[in-house]
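Each chain, written out:
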Amino acid sequence: SVFLVLMDYKHKREKIRYGNFCFKQIQGLNHHDIAFLEMYRLYEPMDNSDIRNVAVVTSKTESIDFRNILKAIGNTDFPPREPRLDKNGVLTSKEVFFVNRDRKLIFHMYDDRGLDIIASNIEQLRPLYNQYNNWLLDYNREKMDHLFMIRD
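Attention in this report is confined to the structure presented alongside it. In this text the structure is predicted, and so the values were computed from the model without any measurement.

Observations concerning unusual backbone geometry
Despite not being glycine, Arg41 shows a phi value in the positive range, around 55°. Turning to its location among the elements, Arg41 is positioned in the loop between strand 2 (34–40) and strand 3 (51–59). On the basis of relative accessible area, Arg41 is assigned to the partly exposed category, the value being 40%.

Topic: the packing of aromatic side chains
Counted under the stated rule, the structure contains 5 aromatic pairs. When the ring of Phe23 is compared with that of Phe36, the centres are 6.3 Å apart and the planes differ by 70°; the resulting orientation is edge-to-face. Here Phe36 lies in strand 2 and Phe23 lies in helix 1 (residues 21–24), a separation of 13 residues in the sequence. Judged by relative accessible area, which is 3%, Phe23 ranks as buried. What makes Phe36 partly exposed here is its relative accessible area of 45%. Arranged with centres 6.3 Å apart and planes meeting at 55°, the rings of Phe98 and Phe107 form a pair that is tilted. Phe107 sits in the partly exposed class, given a relative accessible area of 25%. Feature note: the residues Tyr18, Phe23 and Phe36 constitute an aromatic cluster, connected by ring pairs.

Reading the values: the criteria
Residues numbered from 1 in each chain as written. Predicted model: local features only at pLDDT ≥ 70, side-chain atom pairs only at ≥ 80, totals over all residues. Heavy atoms only, no water. Helix = DSSP H or I, 4+ residues; strand = E, 2+ residues; numbered from the N terminus. Buried < 20%, exposed > 50% of the residue type's maximum accessible area, 1.4 Å probe, protein only. Phe/Tyr/Trp six-rings, centres within 6.5 Å; stacked < 30°, edge-to-face > 60°.

On their own, these measurements won't tell you what the molecule is for.
Spelled out as structure tokens, the structure:
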């Protein structure tokens, strides 16, 4: 059981439309599976113009073509490549989060260079830390090594 969370910086009156790329990657999606809302000052607490349109989809992992969504995220900085999250060659401000409700994990690929995996419990991340340690950015390595070594 997962939530697909799609956020987009609010430009004027633009909303997240039912026909957007991510929604097309979900088999059997119905309107009632989507909750739409606005979030204010999510990234900039003092900025009144920091408004995000958010759509939260309740689904099952096997119903989402997550590979195609991840490929589109990776193509964001490369306009001629398809698929893409944006439309008409305009760079997008969309963010996509996969929230695994059963494992209590959040997966967020921010672009072609990397991703974040967040858990409610560090022990859920330990197998990933051990298996993919060579993938960690040197920028974050010392902090993560320290975090995981403290609990050994």
